[in-house]
Amino acid sequence: MTTANEKTASMKTENTVWHNQQISKEQRANLKQQKPALLWYTGLSGSGKSTVANAVDSLLFKLGCHSYLLDGDNVRHGLNGDLGFSDEARIENIRRISEVAKLFLDAGLIVSTAFISPFASDRALAKAKLEEGEFIEVFIDTPISVCEQRDPKGLYKKARAGEIKDFTGIDSTYDVPTLPQIHVKTAEQSVEQCAEQIVGYLISQGFISEATLG
Ligand SMILES: Nc1ncnc2c1ncn2[C@@H]1O[C@H](COP(=O)(O)OS(=O)(=O)O)[C@@H](OP(=O)(O)O)[C@H]1O
Ligand SMILES: Nc1ncnc2c1ncn2[C@@H]1O[C@H](COP(=O)(O)OP(=O)(O)O)[C@@H](O)[C@H]1O
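The structure contained in this document is the topic of the report that follows. (Residues numbered from 1 in each chain as written. Chains lettered and ligands numbered in written order. Predicted model: local features only at pLDDT ≥ 70, side-chain atom pairs only at ≥ 80, totals over all residues.)

Observations concerning the overall build of the protein chain
Turning to step 1, where the next piece is worked out: In terms of regular secondary structure, the protein chain is built from 10 helices and five strands.
Turning to step 2, where the next piece is worked out: Rg of the C-alpha trace for the protein chain: 18 Å, near the compact-globule value of 17 Å for 214 residues, within the 12% margin.
Turning to step 3, where the next piece is worked out: If you line up the protein chain on its principal axes, its C-alpha atoms span 55 × 50 × 30 Å.
Turning to step 4, where the next piece is worked out: Expressed as a percentage of the 214 residues in the protein chain, the buried residues total 34%.
Turning to step 5, where the next piece is worked out: Within the protein chain, contacts between residues separated by at least 24 positions form 78% of all contacts whose residues are at least 6 apart in sequence. (Helix = DSSP H or I, 4+ residues; strand = E, 2+ residues; numbered from the N terminus. Rg over C-alpha atoms; globule rule 2.2 N^0.38 Å. Buried ≥ 20, exposed ≤ 12 C-beta atoms within 10 Å, placed from the backbone. Contact = placed C-beta atoms within 7 Å.)

Set out below in structure tokens:
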């Protein structure tokens, strides 16, 4: 398996030079009166990543925050449309997402990413790209039995019938987060409760302040 590190090492960047920009990340964030953060949602298919991340993004919007949501299915329609679901493709998927998220943080935004992101090593690499404290792992913890019962896209049914290979939780690995900053259980909490818990964390950690809320 090619790791993301090996991939980066093989990139042809010898003749490119980094340009510092005149406007800093801090200036951009100050203008928005918030601290950039990355809410990194992870969980099985059907666990509720998109639903909860959308609820959080809507709440942030209503509160006057500047945020953006990168959603798995949507990003795979464009930027990552060339990637499938082998281990290698998932690693490259998460590598690209973490780089895009980093750019959005640089623009001063509160970013949400909603991808299965099954491998702990890739989530650790995404975290390592950011400044201390900016990476907030949000574990959408939903038992596979509940995900399978919900089956909003009929994918578990197809995977069980052998029509989809390498399906997460069935014949492809999911590394359960060991120390997520935020842990929500969608089988026990409503969407609203999950969203309030997550936004509450952002307020308690100072990413959103009185100034942001006006
Ligand atoms: N084999 C297999 N395994 C898991 N998921 C599959 C698969 N094939 C298609 N899908 C659909 O793709 C969505 C997951 O894409 P991600 O980019 O989040 O996956 S990953 O992070 O690269 O593992 C996932 O979306 P969510 O249900 O929103 O998680 C599925 O709709
Ligand atoms: N508390 C909850 N939080 C999130 N989703 C929930 C909850 N209760 C039920 N659901 C339902 O579960 C499904 C989750 O689907 P989705 O958000 O697309 O998950 P994922 O993005 O992880 O694949 C949706 O149909 C949603 O309405």
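Observations regarding the sheet that holds strand β4 (residues 135-140)
Turning to step 1, where the next piece is worked out: Pairing within the open sheet is parallel, and its five strands lie in the order β2-β3-β1-β4-β5. Taken across any chain shown, the strands that pair with only one partner, and hence form the sheet edges, are β2 (67-71) and β5 (182-184). The mean angle between the axes of side-by-side strands here comes to 15°, regardless of whether they run parallel or antiparallel.
Turning to step 2, where the next piece is worked out: Pairing analysis gives five bridges linking strand β1 (residues 37-42) to β4, with the strands arranged parallel. Paired with Leu38 across the two strands is Phe135, which belongs to β4.
Turning to step 3, where the next piece is worked out: Each of β1, β2, β3 (110-114), β4 and β5 is contacted by helix α3 (residues 49-62), which is oriented at about 165° to β2, the strand it contacts most.
Turning to step 4, where the next piece is worked out: Sheet contacts for helix α5 (residues 87-106): β1, β2 and β3; angle to β3, the most-contacted strand, approximately 165°. (Pairing = 2+ DSSP bridges. Axes fitted to C-alpha atoms, helices over the stretch in contact; angles between N-to-C directions.)

Re the site of ligand 1
Turning to step 1, where the next piece is worked out: Ligand 1 sits among 22 residues. The nearest are Ser45, Gly72, Arg90, Phe115 and Ile116.
Turning to step 2, where the next piece is worked out: Sorting the residues of the shell around ligand 1 by element identifies α3, α4 (72-75) and α5 as the ones contributing at least two each.
Turning to step 3, where the next piece is worked out: Here the shell around ligand 1 gets three residues from one element, more than from any other, and that element is α5.
Turning to step 4, where the next piece is worked out: Residues of the shell around ligand 1, tallied by class, amount to eight nonpolar, eight polar and six charged. (Near = placed C-beta within 6 Å. Nonpolar A, V, L, I, M, F, W, Y, C, P; charged D, E, K, R; others polar.)

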